Amino acid sequence: MGNSYAGQLKTTRFEEVLHNSIEASLRSNNLVPRPIFSQLYLEAEQQLSSLEGSRADNEEEEEEEEEEEGSESSSPPVSYQVKPPPEGCCTTDGFCQAGKDLRLVSISNEHIEVPSGFLLVGAKSPNLPDHLLVCAVDKRFLPDDNGRNALLGFSGNCVGCGKKGFCYFTEFSNHINLKLTTQPKKQKHLKYYLVRNAQGALTKGSVICWKGAEFRGRQSSTSTCSSTLFQLPESSGLSGSTSSEPLPPANPSAPAGTQQTAAAIDHIPSTAAFSSAVYNGKESPKQQLMKNNLSALTRPSVLGTLTNSGPPKKRHKGWSPESPSSTETWNLQLNPQTSNRIKNDGGSLSSLPHSALVGPASSPMVGSGEPVSVPDNLLKICKAKPVIFKGHGNFPYLCGNINDVIVSPLLYTCYRNSQSLSRAYEQYGASTIQPISEEMQLLLTVYYLVQLAADQVPLIEDLEQIFMRSWRESHLCEIRQYQQAVPQPFPQVPGQITPVTSAQLPWLAGLAASSCNDSVHIIECSYSLAEGLSEMFKLLMEGKLIKTNYVVIICASRNRAIDSCIVITGKYQARVLSESMLSPSDYQKEVNYQLVTGKVETLGSFFSTLCPEGDIDLLLEKFHQENQGHISSSLSASVNKPTAVNGAGTAVCTSYEIERHQIRPFQLAVAQKLLSHICSIADSSTQNLDLGSFEKIDFLICVPPSEVTYQQTLFHLWHSGILLELGLEKEHLTKQRVEQYVMKLDAEAQIKFKIFLQNSMQNPHTLFVLIHDHAHWDLMSAVHSLYPQTELSTGLVDRLLNCREVKEAPNIVTLHVTSFPYALQTQHTHISPYNEIHWPSSYSNGVDLYHENKKYFGLSEFIESTLSGHSIPLLRYDSSFETMAMALGKRFPRLHSAVIRTFVLIQHYSAAMMAVCGLSQMKNYTSVETLEITQNLINSSRQCPSGHGLMVVLRIPCIPLAAVAYERLYNVRERLALEDNFEIILGNPNSGITIGKHFVEQLKIWQKIEDVDWRPQTYLELEGLPCILIFSGMDPQGESLPRSLRYCDLRLINSSSLVRTSLEQELGLAAYFVSSEIHTEKPVVNDVLESDPEKLSSTDNEDEEIATEGSTSEKRSPMKRERSRSHDSASSSLSSKASTFCTESSPPQALSSSTEETTNTYERQKQKVDKGAQTAISKHLPPVTEQLDMKQNMKSTQVSITSSSSPPFSSSSFSSAPTHNSYILQTSQCSMTKASKQPPIVFLPKLVYDIITSTDSSGLPKSSSLLPYHSVMWASSFRPLMSKMMTCTEQSLYYRQWTVPKPIHMDYNNRNEGRMDTFHPRRLLLSGPPQIGKTGAYLQFLSILSRMLIRLTEVDVYDEEEININMKEESDQYYHQPGDMWPDLESFKKMPFDYTIHDPKYEDASLICSKLQTIDSEDSSMSRRQEDTYTCRQTTRMRLSKYAAYNTYHHCEQCHQYMGFNPRYQIYESTLHAFAFSYSMLGEEIQLHFIIPKSKEHHFVFSQPGRQLESMRLPLVTDKSEDYIKSPTFTPTTGRHEHGLFNLYHAMDGASHLHVLVVKEYEMAIYKKYWPNHIMLVLPSIFNSAGVGAAHFLIKELSYHNLELERNRQEELGIKPQDIWPFIVISDDSCVMWNAVEVDCSGDRKSDYTWTERNVSLKQILQHIEATPNVTHYALIGMRKWSSKTNSAEIKEPFSCCHVHDFIMLNVDLTQNVQYNQNRFTCDDVDFNLRVHSAGLLICRFNHFSVMKKQIAVGGQRSFHIKSKVSDTPVSISPAQYICAPDSKHTFLAAPAQLLLEKYLQYHSHRFFPLSLKNYSNPVLSVDCYLNLGPQISVCYVSSRPHSLNISSSGLTFSGLLLYLCDSFVVASFLKKFHFLKGATLCVICQDRNSLRQTVVRLELEDEWQFRLRDEFQTANAKEDRPLFFLTGRHI
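Since we're looking at a predicted model, the values are computed, not measured.

This paragraph deals with the overall build of the protein chain. Within the protein chain, the regular secondary structure consists of 56 helices and 55 strands. Residues counted as buried form 61% of the 1932 residues belonging to the protein chain. Accessible surface for the protein chain amounts to roughly 76,200 Å². Of this, 52% is attributable to carbon and sulfur atoms.

In structure tokens form, the structure reads like this:
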């Protein structure tokens, strides 16, 4: 009950403002006076710092409850201890402790004893927000109407059990089980008086006006609302606060009425055009008054005085003087459940017939006032049914002639929604923000109505927007104030902020209406609305409201809230609004009824009286008889004659072409976007799509049940060749086969769909793509169909595409394709915003993204053409037609306007045809626009030598009306003998195209069709046919129109049902592609507004307009282009529209004032064209002859359009072409050519035109702000504005936040409370403008998806021949037979070691000499640069076998557990273990870390008490098991967490194995994330920048250390040390598959054999190698690298003693004393092989096994980037800069010294060893190491170790000596054994300069080598990076 202070109004200020306002209004005669509200406020800084407001709407119990919950906001509520109830009593909510029901809904009809002096009141329980509990309370303890005079204390009785005498409210609240958590107060919980209605039922009455809590004592605000008026079908299932019992027919309970009213707001014509976010106050009054910032205590009884009674007497504990009013706080958050329930429970009001909207029981009046009688003959006298919008408060009961009025709840709902603030505004803080007061709402409504023009219709969304802007402005002022100053406890200057009071309201409304010429009439009543309504009916009957369009009735009294309603009495407005309430099906029914019952005959008889010459039919008959014979022959002559081809090629029009199927850049881009979305679904960790498991693609395209759309899709599918490409069909495709892939959503769809589902279940390895084209069509819920009487196909999409089988099938992807995706973008959508693909914009920042040869004309381009400064407006309206239709609407009020408009338009077309045929007097009975259309249609075929003509689309949505129009126009055409001139086609969605035989023959000639039975099945095949296509059906269903379309007549579209989708899809019919060359040379629509008047008046395309249409001078002249009239064609003179090309049969036209100008302009244009013709021809001939893109040729420039097409099927060619002048002539004549160069002209109803062309302040067309779709609704009136700058994605997110589906929408039930997984993972949405090529895009998508799937099952593997084969010793001695399975140890020991490297990856490495040899210095390998090794290496594409290794993208059922995605193995279930061992060479202890998943712990041994890692288990040499691999596999990897092939499950064929990934410390986390079930060995951080040598070194050392540990451990178990398995496998991370050669030696001779190579599992290979006899005697075992060019010679010897790479088995026991060089980055395996061999150990390569290596473009050794240490900018640094002189100022590099050294030597070693370049006879002697010196230098490796195997160097003279970090084994005497050339060079490399000098001294190098100071170098490293130092010298 907290209070706050508020200031007082300055009375003098108010009077001054009032005086000024009245004076202004008296002086103004045409403007609305400046509203006075904005002047009533003082400046913003004088406002209160702590504003608080009155509650604006107390109808909703939920809102009240929330308000109460927020009332204690200034401090936490004091917890209230309830006494435990007596044992055994009832504690159920809604019942008293005696167990009796107290809920109003339950006992409303029961008789309740009420003692005298007591009243029944409703109490609110916090646990039952939807119910009132009935109590009897002594009225002395209740307040009076002013909220005063209530006695303190309480006295009440329980009406359930009858217990009396409760003296404390606390005790009473316990008895009725209120279960309160705060102290019980009667003011808080006793809410409403309860009253009996006319039927005697107890209902909720007015609010109890407690002092200070409710200063607005509203009387029974909701109990009297007209409930049954909005009653819905019983199936709509009301819930929430509605009574759970069936509602009484006449008098349902008040909450139900409220709910139904809310529910009924689903068919609002939503046309709010949003303005900018911060409203600037120019267009409507200052909105400071939008909020009631009154004191919470009192409300002013006299205007201008305001008392302030200070804090309340009895404060709440949490109250403080500065706190806002606790009870009056408006809680910003409307209960979301409540709001959803309110909005969704009701169905669509529009679906109810009129009889359901009004009826005897429709508006029960409960409470006060007499029923209002609707007078008889109201419709007859008024010529319209008044539409009554219920506003605020009570609405009286209507009786009498109620069929002549319509009552609507839309305004009531709008008011209520505008008072429930959105959650989006909670962020603005406190409870001070309040909605607009009811008085202000009504006043703003009056202002809105006043400014409407006579031909405008009020739109609820406009009002919502006005309320929103008003509220926002006042709210922003508040926010600013909060930001400026911290609220002070006692403001120094009390703010004087006052709302409009109910007493002021009628006066202010009257003042506002005083200037509108009585268009708005205000009626003020004293007691109830009933008297106002009665007066209004009386005025109507007396004809006193003829000029009045809107009557506002206000009942405002001082001590209660206002009642109001608004009556639409304007004939036009009432008609439009009443028709907008009809659903599409009711609309059709109504029209059908009027046609069937003959009500339209009155219209026909009226038309016949219009023509003074007599009935049109009589005129037609007379004309027919007079002219029979000669007219028809003269007209048809021009049509029939030119079908013969003239030999010269001039008589035939060459512009006719059939467009071939061709993918445009845009379509390819969209297809690729679709593919990337599919890939991202597959890549996500959700396992929703396993692309790797699919082998092929299948698909089904679902289209609406339109025969033309179906045939059109079949046509696209046939010509795309996609079925053959996907391998779904073989050659010789039949139409029946193609039909299997397209499904019409009609009654037979279920059968085809069932087959599709069966196929998907039977073929789990096929990916099925379900394409739902035109996806916005039929989104009806299968469960909740509101139109049970409609055809079976309703709700079919929901039944089929949303069925459980489709949702759960892992191999079905659904793709919705639509131009209007809005209905699929609601809060409950199935489609994730990440799965939306929007058609890309053609321009970005002025750059043409996709170069197309055509420009698309869609809605925005059409709107743009209406802006002044553009040449020809493409959107127009016909004012004379509109005027006539409006006049007839007033004359025939009972006929639907669709009927009237259709009959008027048919009359216009009939008269126009007659006028063109010579009955010139008929021109007065048509409009200029219709005459233009008809004239051009009839003349079009005469102007082309082949008879090509224009198409006119006449859109008539209502099928019965379309049939009437067709019949009428057909008859007129026959009478006028025009049947061979143009065709009239009735386009019905349910049937195919029917055209006359004569026209079929013409089309066959034009399209070169031989088939006798051919008939056009799509509109596209009507290319060039002069025709009127009457396009019927409530909605277009995706039909495409040909390029010969010239006029799109949409004057008959249903303009009362205004939703964005409906409007845009009607305009989408005219969407069109125009050649982009035209766009540049002939600007139809300029992107930049031109300012040069000369340019404007002679736009380059005017000649065409004039040639066929005689375009008016007004349209060309920029001076006359006023916005209001520029497109009203009727304002131009009639005859100027007449064609200048009329044939002789046309009547002479009346002379026009602009004829001369027209002719002059035409001449001027013609000269221009002639002048430009040569250049155009020369410019366009070459490309045309080269490329046969027919549509491009068709639409290049005006000259080449007709001349340049020489398609393969055309007899004419350029060589025989006449001069360009004849082409010009043809261009100007063939109308189809002209039509294809320009977008069509669209005629709209005026109402639609105004909406389409009006924009908001951001430039957004008003149509974009409409409700997006009829089965969705706005989530809140308080939504932000849309903006022109919004991208498609932002629009989608906007609709996803601000729209909710109605119950009839199929997505309505897609809600998981509190969960976000309502999106279907395999569902995508492709949206793009109409007719832009979406079908071609998704067919292309299927093609590239199929190619990708094939590609996914393939892999690029290196396929290179072994190098240096010619250097192998060709010995006749073979040590093994070709068929031997294992090497024989003794034989193998005799095999010489092949020093030469044969692995092709080392093609650029230095050769290793083993003896004196001569090499061809022009070896081809030398020419290749090292950088190209990766990009240029030869690969081949291989299909993955079932034994392949995979990367992280592979998911299949079998290896889920292996990968760790099994639910039993949680990702976090792995432990980190440290493992340390000492290594003397490093001089320190090495600390490694193992990450071991729980599932792999059995491979390790842990100490028992502390679970310390002790060792890795090793098997025995003697162990044998089929399902076990003995050797642990180590894979060192870097940078390949996604692409490394670590999934060995399939390669190992499921066998148990130990696999360890060796990773760097900084990459540990990312590898662990991708491979949660793999063991990781993490290298110490000092190796973060090391190369692969470090990993190999540590793997080997760790393995040997582990071998020792295992020997010790198992020795205790009695096992000999030599029995422990000593091998490990070291594998590259790119090994993908393994092969085995099978040799067949069954030939006659022993040397004969055949061999085959096949893919085998790694398990088979490893188990075979592990089973080798005496295997422990081999130090290294490897295999060949696979090549497709492997020859028999390589296979003949099954085993080789040579280098092994990539995949090796290493015996860590034998190689104990041979180490990998931990510093190496490259060639470390070659270096290690040479060390192993020199140590006398055996290296064996199994030639029958080979490994395939995958080409991986990322990671590996390429992850090392050498960059400058100084700057971060990436600068390419050449290898020559990798070394420098010591102490120089050279730029240091951020790279390891060793890497710089290796790279430098690889590219520039010739600088150190000049004599060695290409000198293979004199190699460089390399001691104890192999370094790659580049391919042009050969090296000879020797080991300094005692007893090592070295080649015989006798006879060899070396050209250089390389000493790399040489150890103590290298001594002076060892080096003196070797001979060097004179001038040979030496390079010594050491860790520091000191070591360098010591080495020179120790090895006595100065004896034979000469050194200079300048020959010292270092790697380009800073000192802290420990550079390597070089010293070079020359041999003396």
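The next point concerns the nonpolar core. One broad trend across soluble globular proteins is that nonpolar side chains are buried collectively. Of all hydrophobic cores here, the largest spans 166 residues; its most connected members are F1490, W1634 and L1859. Looking at this core, the element that brings in the most residues is helix α50 (residues 1588-1611), giving eight residues.

In the Ramachandran plot, D778 falls in the positive-phi region, its phi being about 55° despite a non-glycine side chain. Relative to the helices and strands, D778 is located in the loop between β15 (766-773) and α25 (796-801). Of note in the backbone geometry, R1922 takes a positive phi value of approximately 50° without being a glycine.

Take the sheet that holds strand β9 (residues 406-408) next. With mixed pairing, the five strands of this open sheet are ordered in space as β9-β7-β12-β11-β10. Two strands lie at the open edges of the sheet, namely β9 and β10 (520-525), each paired on one side alone. Taken over all neighbouring pairs, the strand axes of this sheet differ in orientation by 20° on average, direction set aside. Where strand β11 (residues 550-555) and strand β12 (residues 563-568) come together, six bridges link them in antiparallel fashion. Counted as the bridge partner of C555 is D563 from β12. Lying over the sheet, helix α14 (residues 529-541) contacts β7 (387-390), β10, β11 and β12, oriented at roughly 140° with respect to β10. Sheet strands touched by helix α15 (residues 571-580): β7, β9, β11 and β12. Its angle to β7, the strand with the most contacts, is close to 65°.

In spatial order, the strands read β48-β54-β55-β53-β52-β50-β51; together these seven strands make up an open sheet with mixed pairing. One side of each edge strand has no neighbouring strand; the edge strands of this open sheet are β48 (1779-1780) and β51 (1835-1838). Sheet topology places strand β50 (residues 1820-1823) next to strand β52 (residues 1853-1860); four bridges connect them, and they run parallel. When the bridges of β52 are listed, V1823 appears paired with L1859. Contacts from helix α54 (residues 1793-1804) reach β48, β52, β53 (1875-1886), β54 (1905-1915) and β55 (1925-1931), with the element oriented near 120° to β54.

Residues with a pLDDT of 70 or more make up 72% of the protein chain, whose mean pLDDT is 77. Overall, residues 485-497 carries pLDDT values under 50, and its contacts beyond four positions in sequence, including any with other chains, amount to 28 contacts. Note that residues 1414-1431 has pLDDT below 50 and, in this model, 28 contacts with residues that lie over four places away or in other chains.

On to helix α31 (residues 959-975). An α-helix turns once every 3.6 residues. As a result, residues three or four positions apart point the same way. With 17 residues, α31 should reach 24 Å at 1.5 Å per residue; the first-to-last C-alpha distance of 24 Å fits that figure. Buried residues of α31: P960, L961, A962, A965, L969, V972 and R973, and no others. Count one or two residues on from α31 and you reach A977, which has phi positive near 60°.

The subject of this paragraph is the pattern of salt bridges. Following the criterion strictly, the structure yields 60 salt bridges and no others. A salt bridge links K1659 to D1523; its shortest N-O distance comes to 4.0 Å. Placement of the pair is K1659 in helix α51 (residues 1658-1666) and D1523 in the loop between β36 (1509-1512) and β37 (1529-1532), with a sequence separation of 136 residues. K1749 is paired through a salt bridge with D1702; the nearest N and O atoms lie 3.3 Å apart.

A few words on the pairing of strand β25 (residues 1045-1049). β25 sits mainly inside the fold: five of its five residues count as buried. Relative to β25, strand β22 (residues 951-955) runs parallel, the two being bridged by four bridges. Note that in β25 the partner of L954 across the bridge is D1049. Pairing of β25 with strand β27 (residues 1241-1244) involves three bridges; the strand directions are parallel. Paired with Y1047 across the two strands is I1241, which belongs to β27.

Right, let's get into the packing of aromatic side chains. A full pass over the atoms with the stated rule returns 39 aromatic pairs. In this structure an aromatic cluster arises from ring pairing among F1854, F1870, F1874, F1876 and W1905. Positioned over the ring face of Y192 is K204, at 4.4 Å from the centre of the ring.

Together, K380, K383, K599, R891 and R894 give the surface a local cluster of positive charge. Structurally, R894 can be placed in the loop between α28 (879-891) and α29 (897-916).

Attention now goes to α50. An ideal rise of 1.5 Å per residue puts 34 Å on 24 residues; α50 measures up with 34 Å between its terminal C-alpha atoms. Within α50, 17 of the 24 residues are buried, leaving the element largely enclosed by the surrounding structure.

Bringing the side chain of H1744 into the picture now. Relative to the assigned elements, H1744 resides in strand β46 (residues 1738-1749). Sequence-distant contacts of H1744, defined by excluding residues within four places in its chain, comprise P1378, D1380, N1635, A1636, V1637, V1639, I1691 and P1694.

This brings us to the packing of α29 against helix α30 (residues 928-940). For any two helices packed against each other, the geometry comes down to the angle between their axes and how far apart the axes lie. Between α29 and α30, whose axes approach to 9 Å, the crossing angle comes to 50°. The orientation of α29 with respect to α30, classified from their angle, is oblique. Between α29 and α30 the crossing geometry is right-handed. In this structure, α29 uses L905, H908, Y909, A912, M913, A915 and V916 to contact α30, whose residues at the interface are T930, L931, I933, T934, Q935 and I938. Split into classes, the residues belonging to the contact of α29 with α30 amount to nine nonpolar, four polar and no charged.

Right, let's get into the environment of I1408. Position of I1408 among the secondary structure elements: in the loop between α46 (1385-1389) and α47 (1429-1432). Residue classification places I1408 among the buried residues on the basis of a relative accessible area of 1%. A C-alpha to C-alpha distance of 8.8 Å links I1408 and Y1826, two positions 418 residues apart in sequence.

Reading the values: rules and limits
- Residues numbered from 1 in each chain as written.
- Predicted model: local features only at pLDDT ≥ 70, side-chain atom pairs only at ≥ 80, totals over all residues.
- Heavy atoms only, no water.
- Helix = DSSP H or I, 4+ residues; strand = E, 2+ residues; numbered from the N terminus.
- Buried < 20%, exposed > 50% of the residue type's maximum accessible area, 1.4 Å probe, protein only.
- Areas by Shrake-Rupley, 256 points an atom, 1.4 Å probe, with all protein chains shown as cover.
- Core = buried A, V, L, I, M, F, W, Y, C linked by side-chain atoms within 4.5 Å.
- Pairing = 2+ DSSP bridges.
- Axes fitted to C-alpha atoms, helices over the stretch in contact; angles between N-to-C directions.
- Contact = heavy atoms within 4.5 Å.
- pLDDT = per-residue confidence, 0-100.
- Expected span 1.5 Å × (residues − 1).
- Salt bridge = Lys/Arg side-chain N within 4 Å of Asp/Glu carboxyl O.
- Phe/Tyr/Trp six-rings, centres within 6.5 Å; stacked < 30°, edge-to-face > 60°.
- Lys NZ or Arg CZ within 6 Å of the ring centre and 35° of its normal.
- Patch = residues over 30% accessible without salt bridge, like charges linked within 9 Å, V, L, I, M, F, W, Y side chains within 5 Å.
- Lys, Arg positive; Asp, Glu negative; His and termini not counted.
- Charge placed at Lys NZ, Arg CZ, Asp CG, Glu CD.
- Parallel < 35°, antiparallel > 145°, perpendicular 65-115°, else oblique.
- Left-handed = near helix turned anticlockwise from the far one by under 90°.
- Nonpolar A, V, L, I, M, F, W, Y, C, P; charged D, E, K, R; others polar.

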